[in-house]
Amino acid sequence: MTHLLFSSIHDDQLKGDCIFVAGSSKAVKYRLPKAVELYKQGRAGKILFSGGVKWQGSEYTEAEELKKGAISLGVPEKDILIETVSLHTLENVLASLLVLDREFHLHNIRRLLVVTTSYHMRRLHLTLKTYMPDWISFTLCPVDDDNTNEDNWYLSETGIKRVTGETGKLIRYVKQGALKDEEVDIHLNTGANI
């Protein structure tokens, strides 16, 4: 599972047209700082926050919360796009297509910088490759949370639940034909238990 979710997921340092950030309950804490860092480095001139879920205790959607956070960190509002109707990963991608088209016209987009947690990146990347136009490429910019990264996921109940859940979803969606299948190098080190 470690190799399936985490192998070959790294930032190739290329610039793009837009930074694409998938929402989550902890996106402001973990994903927002990475998106703002990429923006301030000049890697892309726009950030698209995607997510329509309103988590308990918030009157705002994930995307709206992320936008407020980005503005407070110095990103100009004119450089922020939001998509506020999606409720899960596939919808993040599908609903963002319209926002991207309205801002850039899809035929003009060549590369997106993708920001999500490292354990979610493989599924988001495959979803983007399946449903976005094939001329768009992706730079993967994963972020680690406190308990679900390559080196520690198997040490906590939360990490185990997330990684087994992601692995199950990947396998199920590929078998259903909902995601493109992709060759993943899963050579295990000798003595590995995971």
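What counts as what
- Throughout this description, residue numbers start from 1 for each chain and increase along the sequence as written.
- With the structure being a predicted model, the display of local features is reserved for residues of pLDDT at least 70 and the display and counting of side-chain atom pairs for 80 or more, all residues being used for whole-chain, interface and lining totals.
- The basis for the side-chain values is all heavy atoms of the structure; hydrogens and waters are excluded.
- Any residue under 20% of the maximum accessible area for its type is buried, any over 50% is exposed, and the rest in between are partly exposed; the area is computed with a 1.4 Å probe on protein chains only.
- Helix and strand definitions here come from DSSP, where helices need a minimum of 4 consecutive H or I residues and strands a minimum of 2 consecutive E residues; each element is numbered from the N-terminal end.
- Note on handedness: a crossover is taken as right-handed if, strands pointing away from the viewer, the path from the first strand over the helix to the second is clockwise.
- Directions pointing from the helix axis toward each C-beta atom define the arc.
- Contact between two residues is taken to exist if any of their heavy atoms lie within 4.5 Å; hydrogens are not considered.
- Whether two strands pair depends on DSSP finding at least two bridges between them.
- Only C-alpha atoms enter the line fits that serve as axes; for helices the fit covers just the stretch in contact. Angles between N-to-C directions range over 0 to 180 degrees.
- Two N or O atoms form a polar contact when they lie within 3.5 Å of each other; inside protein one atom must be a possible hydrogen donor and the other a possible acceptor, and for residues adjacent in sequence the pair counts only when both atoms belong to side chains.
- Any helix carries an expected span of 1.5 Å times its number of residues minus one.

Summarising burial for strand β5 (residues 137-143): 5 of the 7 residues are buried, a large majority. Handedness of the crossover joining strand β4 (residues 111-117) and β5 through helix α5 (residues 118-131) is recorded here as right-handed.

A few words on helix α3 (residues 62-72). Looking only at α3, the buried set comprises Glu62, Ala63, Leu66, Lys67, Gly69 and Ala70. Down the axis of α3, the sector holding all buried residues measures 165°, keeping them to one side. The elements touched by buried residues of α3 are β1 (18-22), α2 (27-40), β2 (47-50) and β3 (80-83). Just downstream of α3 lies Gly74, where phi reads positive at about 100°.

On the basis of which strands lie adjacent, the open sheet formed by 5 strands has the order β3-β2-β1-β4-β5 and parallel pairing. The open sheet has two edge strands, β3 and β5, and neither has a second partner. In this sheet, neighbouring strand axes are inclined to one another by 20° on average, regardless of whether the strands run parallel or antiparallel. When β4 meets β5, the two strands line up parallel, connected through 7 bridges. By the bridge assignment, Thr117 is partnered in β5 with Val143. Where helix α4 (residues 89-104) meets the sheet, it contacts β1, β2, β3 and β4, and its direction lies at approximately 140° from that of β3.

Turning next to the side chain of Asn149. With respect to the secondary-structure elements, Asn149 resides in the loop between β5 and α6 (157-176). When its relative accessible area of 13% is taken as the criterion, Asn149 is described as buried. From its side chain, Asn149 meets the backbone nitrogen of Asp151 in a polar contact 2.9 Å long. The contact partners of Asn149, leaving out residues within four places of it in the chain, are Phe6, Ser118 and Asp144.

Between the first and last C-alpha of α2 there are 18 Å, a value that for 14 residues agrees with the 20 Å anticipated at 1.5 Å per step. When α2 is considered as a whole, its buried residues turn out to be Ala27, Tyr30, Arg31, Leu32, Lys34, Ala35, Val36, Leu38 and Tyr39. Along its buried surface, α2 packs onto β1, β2, α3, β4, α5 and β5. Looking one or two residues beyond α2, the residue adopting positive phi is Gly42, at roughly 80°.

What follows covers unusual backbone geometry. In the Ramachandran plot, Ser8 falls in the positive-phi region, its phi being about 60° despite a non-glycine side chain. Following the sequence through the fold, Ser8 ends up in the loop between α1 (2-6) and β1. Look at Gln13: it is not a glycine, yet its phi comes out positive at around 70°. Within the element layout of this structure, Gln13 appears in the loop between α1 and β1. Classification of Gln13 as exposed rests on a relative accessible area of 55%.

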